[in-house]
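Each chain is listed here by its residues.
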Amino acid sequence: MTRAGLLLLALGVSRHPPGRGDPAPQGDTAVAIRVNQLGYRPDALKVAVACALAPRVITSFRIVDEHNRTVFGPAAVSTRGPFGPCVATYRLDFSPLRRAGVYRIMAAGATSLPVRIADDVYRGAADSLLAYLREQRSGYNPVFRDSVHQHSDGVLVDHPTRSGEFIPVSGGWADASDYLQYGTTTAHATTMLLLAYRDHPEAFADRFQANGLPGANGIPDVLDEARWGLAWLLKMYPEDDLLLNQLADDRDHTFWDLPVNDSADYGWGRGGRRPVYPCTGKPQGLFENKNRSTGLASTAGKYAAAFALGAGEFRARDSVFARRLAARARAVYALGAAHPGVCQTAPARSPYFYEEDDWADDMELGAVELFALTSERTYFDAALQYAALEPVSPWMGQDTARHYQWYPWHNNGHYEIWRTGGGSDSARRVVAEYYRRGLEAVASRARNGFRIGIPFIWCSNNLLASFATQATFYRRMTGDSSYIEYETAALDWLFGTNPWGVSMVIGLGDNYPRTPHSVVADQLHLQLTGGLVGGPVYRSIFEHLRGIRLVDADEYAPFNTGFIVYHDDVGDYSTNEPIMDGTANLAYVLAARSASLP
Ligand SMILES: [Ca+2]
Ligand SMILES: [Ca+2]
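Numbering of residues begins from 1 in every chain and follows the order in which that chain's sequence is written. As they are written, the chains are lettered A onward and the ligands numbered 1 onward, keeping that order. Predicted model: local features are reported for residues with pLDDT of at least 70 only, side-chain atom pairs are reported and counted for 80 or more only, and whole-chain, interface and lining totals are derived from all residues. Note: side-chain values were computed over all heavy atoms of the structure, leaving out hydrogens and water.

Enquirer: Give a detailed account of the nonpolar core, specifying residues and quantitative values.
Expert: Of all hydrophobic cores here, the largest spans 163 residues; its most connected members are Phe307, Trp493, Phe495 and Leu586. Broken down by element, the residue count for this core peaks at 11 residues, all from helix H5 (residues 297-314). We call a set of buried Ala, Val, Leu, Ile, Met, Phe, Trp, Tyr and Cys residues a nonpolar core when their side-chain atoms join them within 4.5 Å. The rule is simple: take the accessible area with a 1.4 Å probe, protein chains only, and divide by the maximum for that residue type; under 20% is buried, over 50% is exposed, in between is partly exposed. Grouped together as the second largest cluster of nonpolar side chains are 24 residues, Val35, Leu92, Ile105 and Val115 included. Strands are runs of DSSP state E lasting at least two residues, helices are runs of H or I lasting at least four, and both sets are numbered from the N terminus onward.

Enquirer: Explain the side chain of Gln37 residue by residue, including any values.
Expert: Relative to the elements of secondary structure, Gln37 occurs in the loop between strand S1 (31-34) and strand S2 (47-52). Here Asn511 takes part through its backbone nitrogen, which lies 2.8 Å from a polar atom of the side chain of Gln37. Residue contacts follow a heavy-atom distance rule, with two residues in contact if any of their heavy atoms lie within 4.5 Å. Discounting residues that sit within four places of it in the chain, Gln37 has contacts with Leu113, Arg116, Phe495, Gly496, Gly501, Val502, Ser503, Gly509, Asp510 and Asn511. Polar contacts, as used here, are pairs of N or O atoms within 3.5 Å; protein pairs need one atom able to donate a hydrogen and one able to accept it. Residues neighboring in sequence count only if both atoms are side-chain atoms.

Enquirer: Hey, could you go over the coordination of the calcium ion (ligand 1) for me, with residue numbers and the actual values?
Expert: Here the term donor refers to an N, O or S atom within 2.8 Å of the metal (or 3.2 Å for Na, K and Ca), and because water is left out of the atoms, sites may appear incomplete. Protein ligation of the calcium ion (ligand 1) involves Asp206 (OD), Phe208 (O), Asn217 (OD1), Ile219 (O), Asp221 (OD) and Asp224 (OD), the donor distances falling in the range 2.3 to 2.4 Å. Site shape is set this way: if four donors have all angles between 85 and 135 degrees, tetrahedral; if opposite donors are over 155 degrees apart and all others between 65 and 115, square planar for four donors and octahedral for six; otherwise irregular. Each of the 6 donor atoms around the calcium ion (ligand 1) contributes to a set of angles spanning 80 to 174°, which defines the coordination as octahedral. On the primary sequence, the residues serving as donors to the calcium ion (ligand 1) are separated as D-x1-F-x8-N-x1-I-x1-D-x2-D. Residue Asp206 is located in the loop between helix H3 (183-199) and helix H4 (221-235), and its partner Asn217 is located in the loop between H3 and H4; the two are separated by 11 residues in the primary sequence. By relative accessible area, which is 26% here, Asp206 ends up partly exposed.

Enquirer: Lay out the sheet that holds strand S14 (residues 244-247) with the relevant residues and their values.
Expert: In a beta sheet, neighbouring strands are held together by backbone hydrogen bonds and run either parallel or antiparallel to one another. Spatially, the 4 strands line up as an open sheet ordered S12-S15-S14-S13, and their pairing is mixed. Edge positions in the open sheet fall to strand S12 (153-156) and strand S13 (181-182), since each of these has one partner strand only. Only strands that DSSP links by at least two bridges are regarded as paired with each other. In this structure, S14 lies alongside strand S15 (residues 274-278), joined through 3 bridges in antiparallel fashion. Following the sheet pairing, Gln246 is matched in S15 by Tyr277.

Enquirer: Provide a residue-level description of the packing of aromatic side chains, including the pertinent values.
Expert: A pair of aromatic rings is counted whenever rings of Phe, Tyr or Trp (Trp by its six-membered ring) have centres within 6.5 Å, and the orientation is called stacked for planes under 30 degrees apart, edge-to-face for over 60 and tilted otherwise. Taken as a whole, this structure holds 31 aromatic pairs when the rule is applied. Aromatic side chains Phe371 and Phe380 sit 5.0 Å apart centroid to centroid with 55° between the ring planes, which places their arrangement in the tilted category. The buried category is assigned to Phe371, whose relative accessible area is 11%. For Phe380, a relative accessible area of 0% translates into the label buried. In textbook terms, an aromatic cluster arises when at least three aromatic residues are bridged by ring pairs, as seen for Phe83, Phe450, Phe456, Trp493, Trp500, Tyr538, Tyr556, Phe563 and Tyr566.

Enquirer: Please set out the pattern of salt bridges residue by residue, giving values where relevant.
Expert: Each salt bridge in this description consists of a side-chain nitrogen of Lys or Arg and a carboxyl oxygen of Asp or Glu lying within 4 Å of one another. By the definition in use, this model includes 29 salt bridges. A salt bridge links Glu485 to Arg451, with the shortest nitrogen-to-oxygen separation between them at 3.1 Å. One end of the pair, Glu485, is in helix H12 (residues 484-494); the other, Arg451, is in the loop between helix H10 (425-443) and helix H11 (460-478), and 34 residues separate them in sequence. Under the relative-accessibility criterion, Arg451 is labelled buried at 9%. With a shortest N-O distance of 2.6 Å, Arg475 and Glu487 are connected by a salt bridge. With Arg475 in helix H11 and Glu487 in helix H12, the pair connects residues that are 12 residues apart, well separated along the chain. Take Arg475 and Glu487: they sit in the same class, and that class is buried. Look at the salt bridges and you will find they share partners, linking Arg198, Asp199, Glu416, Arg419 and Arg476 into a network.

What follows is the structure, given as structure tokens:
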């Protein structure tokens, strides 16, 4: 997350956003009907939500086709309570409408955006996310066709004996609209890409080369991107007892520069070398602010999982690369096992950092992926033991959490334990029950009209993607569809069934963020297609963050009167900044939806 908005204001930057679809409801402007702008598959649960900004009597709705003929309804609405800016919400269930087509929903004089029903509404969605990852590449960047920090990464800092040593670590992805890079988010992103391809290869195409430039190379682009992540993670784990965790720090935020001419100064001159931080197992921070690191396992477990998955995936394509990954997976897992605890990101001048507090989830995933790769039983047994340490991702059911406190937001390890099985039906039942408890905890907070039960902390969209992913895993594991309403609502929310009527992925849907918090988008007027923005946050969070001020008039002002806010504004780094790990985190569940069946 960046704090560069402050600088933008200091520079007096102001712009007129490019043209957009009209986000405001038509007709009665006190009522907005929100829909999933990607659309609905014929057999899916289909629920639009009407949000009344002022008291209205809404009892029924109807649906018209492209010729304005009523094809559904009048049907009764289900009246729900207030939520955010809505004094009342109404659930408009049109699941029985299965015929493919493009429709509009009408109620109380308001009309929705077009509603598509078709088998293929999610086709290509997962693949389109990859465009944002390519744009975020460090090292050689295919969008700029130029170097990004290719020769400046990096100088080892905060090491007990080797600080000042140059270690070649160029590559990977910028974490968000700043240019910091983290092993933790990169490893999770890489894992999600590998899992998405492993389980849903049909969702991905081959239109780009390994370097990210256009042109097929015989390798699905999702694997090109995963390999880009793996190659950087290998550099970030150069020796058995040297685990690197972070490249650059928040001194990055001093300038609002394009990545190709980043002029941040880390003490080696403007645009000079960037610092690379190892995991030390101790609190870190070169200046007055410190994190609360206690060990290495949170980072080591994630690297082990990505390496082991990569070794399996690339075995047939590149055996040399796969063997190297397998060896590094074993080594980094052993390092994590020897140093339990968390390795958080390091703050510099700012108090913000990724405050990850859990590591058992990461070691669980590392262990079970090593079991899947090697069939060595000790890894499976270790995975089960780690799983029991954190059965439920602790944010689930909570009102709030620290920044990235429980990360990743869903535990892939439970699904992988179920999938590999280890010959144990009881283990499979245990991990399914772990998932159910988390889903129940979120669902029990989701009685509102939108059926959303997550805490609206920074990157709330990431939590929704994770909730939907966990619900998808659980349904596949058990055949139990008890949470499908909430699973569906989470994805619907991400694609427009939210108070603002905004699809949270740039370029997908009819109405999506046009002015994200991004230097590249702002200065080059480049659309960052595929980028998932952070998403709405509690008003109290927005109002207390440093350096936030909206640059343009808020076109969503009528919908920003409640307890959560979202702004399509370049100045809002809390709700409108595309995030690399959130984007990759969404890939799995979108890939799963691209198939014709759940
Ligand atoms: Ca390719
Ligand atoms: Ca963790």
